[in-house]
Amino acid sequence: MTSLVPIPYKNALVTGASRGIGRETALRLAQRGVNVIVNFPPGDEVQAAEVVAAIRDAGGQASAMAADISRSEDVHRMIERAHQEHGPIQILVNN
C-alpha cells in the first residue's frame, strides 16, 4: 500500500461535502492532513455531522458549515466564519 503524501496546505473548504463526491473529497483531503470545512446545504445537518465525525474519528480536523451556495449572502457569511475560525482557505473545492 502506498503511503499518502501530506498536502502542504492547512485549510480546505469543500462545498456539498455532506454526501457523494464532496464527502469523498473531504475524507481524502483529511487523510492527507488538511483541516476540512464541510459545507452542506440546509437540511443536510445529519449527513454533515457524520462526515465531520468520520474525519475526527480518523484523527483529522473538520468542522461543518451550512450555506446555500446559490445565495451569495450565505457564501459570504460562510467564508467570513471559516476565516475567523480557521484562518485563510487555501484549497477550495467547488463540488
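### Notes on helix 2 (residues 45–57)
And then number 1: Taking 1.5 Å of rise per residue, 13 residues should cover 18 Å, and helix 2 covers 18 Å from first to last C-alpha, within 8% of that figure.
And then number 2: Every buried residue belonging to helix 2 is among Ala48, Val51, Val52 and Ile55, and all of these are buried. Mapping the buried residues of helix 2 onto a view down its axis gives an arc of 95°, with all of them on the same face. Seen from the open side of helix 2, the exposed residues pointing more than 90 degrees away from its buried face are Val46 and Asp57.

### Quick look at the nonpolar core
And then number 1: Core analysis: the biggest nonpolar cluster contains 17 residues, and Val14, Ala26, Leu29, Val36, Val38, Val51 and Ile55 have the highest contact counts within it.
And then number 2: Sorting the residues of this core by element identifies strand 1 (11–14), helix 1 (20–31), strand 2 (35–40) and helix 2 as the ones contributing at least two each.
And then number 3: Not counting residues within four places of it along the chain, the set of residues in contact with leucine 29 comprises Ile7, Ala12, Val14, Val34, Val36, Ile91 and Val93.
And then number 4: Of all hydrophobic cores here, the second largest spans six residues; its members include Leu13, Ile37, Met65 and Ala82.

What counts, and where the lines are drawn
Residues numbered from 1 in each chain as written. Predicted model: local features only at pLDDT ≥ 70, side-chain atom pairs only at ≥ 80, totals over all residues. Heavy atoms only, no water. Helix = DSSP H or I, 4+ residues; strand = E, 2+ residues; numbered from the N terminus. Expected span 1.5 Å × (residues − 1). Buried < 20%, exposed > 50% of the residue type's maximum accessible area, 1.4 Å probe, protein only. Arc of directions from axis to C-beta. Core = buried A, V, L, I, M, F, W, Y, C linked by side-chain atoms within 4.5 Å. Contact = heavy atoms within 4.5 Å.

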